[in-house]
Each structure stands twice: as C-alpha cells, then as structure tokens.
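Understanding the architecture of this molecule
Here is how the chains run, residue by residue.
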Amino acid sequence: MGSSEYVLKLSKFEVAERQLLLAIRLFFSSEDDVSIHTLAEAAGQILHDIGKDSGVSSFVRDSDRIRPEYMKEWHEAIFKSRNFFKHADRDKDEIHEFKPVFNDTSLLDAVNMYSTLKKRWTPETLIFCVWFGLEHPHTIKKNSDMDTVRMKLSAGGYAPGPDDKAFYGRAIAALRSGKLSLPNVTLASDLVSE
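Computed from a predicted model, the values in this text were never measured in an experiment.

**A closer look at the overall build of the protein chain**
Assigned secondary structure in the protein chain consists of eight helices and zero strands. Shown N-terminal to C-terminal, the secondary structure of the protein chain runs as helices and strands in the order α-α-α-α-α-α-α-α. Buried residues in the protein chain amount to 37% of all 194 residues. Of the contacts formed within the protein chain by residues at least 6 apart in sequence, a portion of 66% connects residues at least 24 apart. Roughly 12100 Å² of accessible area belongs to the protein chain as shown, and the carbon and sulfur atoms make up 54% of that amount.

**Points about the environment of Cys 129**
Counting through the fold element by element, Cys 129 comes out in helix α6 (residues 123-135). Judged by its relative accessible area of 7%, Cys 129 falls in the buried class.

**A short note on α6**
With 13 residues, α6 should reach 18 Å at 1.5 Å per residue; the first-to-last C-alpha distance of 18 Å fits that figure. Taken across its 13 residues, α6 has 12 buried, putting it largely inside the fold. Along α6, the residues that are buried comprise Pro 123, Glu 124, Thr 125, Leu 126, Ile 127, Phe 128, Cys 129, Val 130, Trp 131, Phe 132, Gly 133 and Leu 134.

**Regarding the confidence of the model for the protein chain**
Across the protein chain, the average pLDDT comes to 84, with 89% of residues at or above 70. Of all the helices and strands in the protein chain, helix α7 (residues 145-155) carries the lowest mean pLDDT, 67, while helix α1 (residues 12-28) carries the highest, 97.

**What to know about the nonpolar core**
Ranked by internal contacts, the top residues of the largest apolar core, which has 34 residues, are Leu 20, Ile 24, Phe 28, Leu 47, Leu 107 and Phe 128. Of all elements in the fold, only α1, α2 (33-51), α5 (102-118), α6 and α8 (165-177) reach the threshold of two or more residues within this core. By residue number, the principal contributor to this core is α1, which donates nine residues. Each residue touching Leu 107, except ones within four places of it in the same chain, is listed here: Leu 20, Ala 23, Ile 24, Phe 27, Ile 36, Ala 40 and Phe 128.

**A look at the environment of Leu 108**
Tracing the sequence through the fold places Leu 108 in helix α5. Between the C-alpha atom of Leu 108 and that of Ser 58, which follows or precedes it by 50 residues, the distance is 9.8 Å.

**Topic: the side chain of Glu 14**
For Glu 14, the location among the structural elements is in helix α1. At 6.2 Å, Arg 18 is the nearest oppositely charged side chain to Glu 14, a buried residue that forms no salt bridge. Residues in contact with Glu 14, not counting those within four places in the same chain, are Lys 9, Ser 189 and Asp 190.

**So, the pattern of salt bridges**
This model, assessed by the stated rule, comprises seven salt bridges. Residue Arg 90 pairs with Asp 89 through a salt bridge whose shortest N-O separation is 4.0 Å. A single burial state applies to Arg 90 and to Asp 89, both of which are exposed. Here Glu 124 ties to Arg 176 by a salt bridge, and the two come within 2.9 Å at their closest N and O atoms.

What counts and what doesn't
Residues numbered from 1 in each chain as written. Predicted model: local features only at pLDDT ≥ 70, side-chain atom pairs only at ≥ 80, totals over all residues. Heavy atoms only, no water. Helix = DSSP H or I, 4+ residues; strand = E, 2+ residues; numbered from the N terminus. Buried < 20%, exposed > 50% of the residue type's maximum accessible area, 1.4 Å probe, protein only. Contact = heavy atoms within 4.5 Å. Areas by Shrake-Rupley, 256 points an atom, 1.4 Å probe, with all protein chains shown as cover. Expected span 1.5 Å × (residues − 1). pLDDT = per-residue confidence, 0-100. Core = buried A, V, L, I, M, F, W, Y, C linked by side-chain atoms within 4.5 Å. Lys, Arg positive; Asp, Glu negative; His and termini not counted. Salt bridge = Lys/Arg side-chain N within 4 Å of Asp/Glu carboxyl O.

Okay, structure coming up:
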C-alpha cells in the first residue's frame with residue numbers, strides 16, 4: 001500500500017445518499033431489481049437510524065397503524081427480501097420469490113426520510129417522486145406537493161407512462177448537467193446547512 005492510495009472519508013449520511021441516489025438511477029435505467037432493493041433498503045436503514053434523533057420517521061419501519069405487539073412480525077414480513085439478499089446463515093438453500101414492485105415503496109420510504117433530513121431535493125429524489133405520483137396517483141394525498149406536480153404534468157398533456165423510465169433518467173441527467181434547473185434542487189452531497 002502506497003501513500004497515494006485513494007481513501008474516502010464518508011459520513012453515514014453520505015453513505016446513505018450514495019446508495020439511494022444510485023438505486024434511483026439504476027431504477028430508471030431498468031437495471032437489476034435485486035441490487036436496487038438492496039441499495040434502497042441499506043440507505044433506508046441508515047436514514048432511519050440517523051433520523052431517530054431528529055424526529056424523522058419511516059412510514060414503513062415506524063408505522064403507527066401497526067399494533068405494538070405485531071411490530072416484530074410486521075418487520076419480518078416487510079424485510080423478508082432485504083434479509084434474504086443480505087444473509088445466508090439460516091436459509092442458504094432456500095429460494096425466494098421477490099416482486100420488483102416492492103422497490104417502489106422501498107425507494108419512496110428512503111426518499112421521504114432523505115429529503116426530510118436534507119431539506120432539499122436532488123435530481124434523483126425529485127424525479128423519483130414525480131414518477132411515483134404519476135405511477136401511483138391513487139396513493140397520493142390530495143393537495144400534497146406530489147399531487148400538485150402530478151396534476152400540473154397531467155394538465156399539461158404530458159404524463160409519461162411507467163414504461164418510459166428512460167425519460168426520467170434523461171430528466172435526472174439534464175438536472176445534473178445544468179441543462180435544466182429547478183428551485184430547491186441541489187447537487188451538493190451530504191447535509192446542506194441552512
């Protein structure tokens with residue numbers, strides 16, 4: 001090992017940020033669903049742990065709609081795929097059935113925690129929320145930010161379909177390159193100071 005060896009110094013937030021933003025880019029590139037899920041869930045867990053001290057919660061991990069005595073069972077069910085993809089100590093010969101649509105929820109949960117902590121959008125998180133609002137309009141609260149964006153896009157006559165993920169990837173690239181700019185979208189990594 002020479003003195004010129006490359007070393008990264010990263011905060012936990014930066015690790016989660018890298019995992020989440022890459023997971024979103026992979027998602028819009030229609031890459032491997034298992035890798036997307038693994039990255040999204042790893043980021044989500046870090047963001048959940050960081051967010052506890054700030055009052056930031058996960059709608060998946062901290063659901064107040066689940067009775068406390070069933071929370072362990074709930075977590076086992078929702079993290080079954082994540083745990084299967086990470087560990088082989090108890091189930092090395094099992095076959096797991098994974099539904100890639102679960103990535104939608106894993107990514108949204110992580111984006112929600114990330115954006116609440118960061119207090120800014122990145123190109124990836126904003127574009128993912130736009131996609132989610134258009135793909136799952138029935139799940140979005142009326143008059144929320146996501147509903148407003150969804151309605152504006154629909155009213156403007158352009159609502160790309162769910163199979164047009166490449167469009168969203170191009171939108172991320174345009175924001176990252178500076179060809180497109182939007183308010184409250186940052187390219188800065190780590191937490192942005194007020």
